[in-house]
Amino acid sequence: MRQPFAFKMDTAEFKQRMMPYARQMYTVAFSILKESSDAEDAVQDVFLRMWEKRSGVGSIANLKAYLLSAVRNRSFDMIEKRRSGGDDGAIELSDEGKDAGQMERKDAVSKIIGLISALPEPQRTVISMHDIEGMEYDEISRLTGMNEGALRTALSRARRRIREIFKG
């Protein structure tokens, strides 16, 4: 059974719980932001928020999913700030504008997740493991038994199918 975090989590425990997900968080952020330094900033921002709210972290049922979702949302927020010409010192979008942008992103993410779940089995598994969980081809190959060529083909077909449906 999972042990809840103590109210006064120290830095060692925080690192022990959070750092195993740093690489996957970075991969998610980089896939959205396309800039190494921005991806690092997104991960750091999420870790900072988690540290500030560490007393409530124990109530999170799936920490990995929570962190990956948080870094994805932070990455989208960073893109939105770029588009609006904002930076950390600039005036933020109105709450209405932020809510609309967030709702659009959430709708798009929900639609893509739905599309992924409708894919045929090998494609669904490969795209989930590679693009969502951030696994490398060799790790996916080891877990699924598929060779690397088959993995690349399945991933390419899955991405193409999602693009076709999403745009259509």
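Calculation criteria
Residues numbered from 1 in each chain as written. Predicted model: local features only at pLDDT ≥ 70, side-chain atom pairs only at ≥ 80, totals over all residues. Heavy atoms only, no water. Helix = DSSP H or I, 4+ residues; strand = E, 2+ residues; numbered from the N terminus. Buried < 20%, exposed > 50% of the residue type's maximum accessible area, 1.4 Å probe, protein only. Contact = heavy atoms within 4.5 Å. Salt bridge = Lys/Arg side-chain N within 4 Å of Asp/Glu carboxyl O. pLDDT = per-residue confidence, 0-100. Phe/Tyr/Trp six-rings, centres within 6.5 Å; stacked < 30°, edge-to-face > 60°. Expected span 1.5 Å × (residues − 1). Axes fitted to C-alpha atoms, helices over the stretch in contact; angles between N-to-C directions. Parallel < 35°, antiparallel > 145°, perpendicular 65-115°, else oblique. Left-handed = near helix turned anticlockwise from the far one by under 90°. Nonpolar A, V, L, I, M, F, W, Y, C, P; charged D, E, K, R; others polar.

A few words on the overall build of the chain. For the chain, the helix and strand inventory stands at eight helices and zero strands. Here the chain holds 168 residues, and the buried ones make up 31% of them. Taking the intrachain contacts of the chain between residues at least 6 apart in sequence as the baseline, contacts between residues at least 24 apart amount to 64%.

On to the pattern of salt bridges. Applying the stated criterion across every chain, the model contains six salt bridges. In this structure, the salt-bridge partner of R23 is E136, at a minimum N-O distance of 3.7 Å. You can see R23 sitting in helix α2 (residues 22-33) and its partner E136 sitting in the loop between α6 (121-132) and α7 (137-144), a full 113 residues away along the chain. Under the relative-accessibility criterion, R23 is labelled partly exposed at 44%. With relative accessibility at 42%, the residue E136 sits in the partly exposed group. Across the pair E121 and R124 runs a salt bridge whose closest N-O atoms are separated by 2.4 Å. A residue pair is termed a helical-turn pair when its members lie 3 or 4 positions apart in one helix, as E121 and R124 do in helix α6 at three residues. Judged by its relative accessible area of 42%, E121 is partly exposed.

Further remarks concern the confidence of the model for the chain. Scored by pLDDT, the chain comes out at a mean of 79, with 85% of its residues at no less than 70. Within the chain, no element has a lower average pLDDT than helix α5 (residues 95-118), which sits at 69, and none a higher one than helix α3 (residues 36-52), at 90. Scored below 50 in pLDDT, residues 1-6 shows twelve contacts in the model against residues more than four places distant or in partner chains. Counting interchain partners and residues more than four positions distant, the pLDDT-below-50 stretch residues 88-94 has seven contacts.

A few words now on the packing of aromatic side chains. What the rule picks out here adds up to three aromatic pairs. Both rings, one in Y26 and one in F30, keep their centres 5.9 Å apart while their planes meet at 20°; by these two values the pair is stacked. Of the two residues, Y26 and F30 are both situated in helix α2; the distance of four residues between them amounts to about one turn of the helix. In this structure Y26 comes out as partly exposed when scored by relative accessible area, which is 28%. Taken together, the ring pairs connect F14, F47 and W51 into an aromatic cluster.

The next point concerns α3. Taking 1.5 Å of rise per residue, the 17 residues of α3 would be expected to cover 24 Å, and the 24 Å separating its terminal C-alpha atoms lies within 8% of that figure. All of the buried residues along α3 are D38, A39, A42, V43, V46, F47 and M50. Looking at the buried side of α3, the elements it contacts are α1 (11-18), α2 and α4 (63-83).

A positive phi angle, close to 65°, is found at K34, a residue other than glycine. Examined against the element boundaries, K34 turns out to sit in the loop between α2 and α3. The class for K34 is exposed, based on a relative accessible area of 56%.

What follows is about the packing of α3 against α4. Taken N-terminus to C-terminus, the directions of α3 and α4 make an angle of 125°; their axes are 9 Å apart at the nearest point. Between α3 and α4, the interaxial angle falls into the category oblique. Taken as a pair, α3 and α4 cross one another with a handedness that is right-handed. Touching D38, D41, A42, V43, D45, V46, R49 and M50 of α3 are L63, Y66, L67, A70, V71, R74, S75, M78 and R82, all from α4. Here the residues of the contact of α3 with α4 are counted per class, giving ten nonpolar, one polar and six charged.

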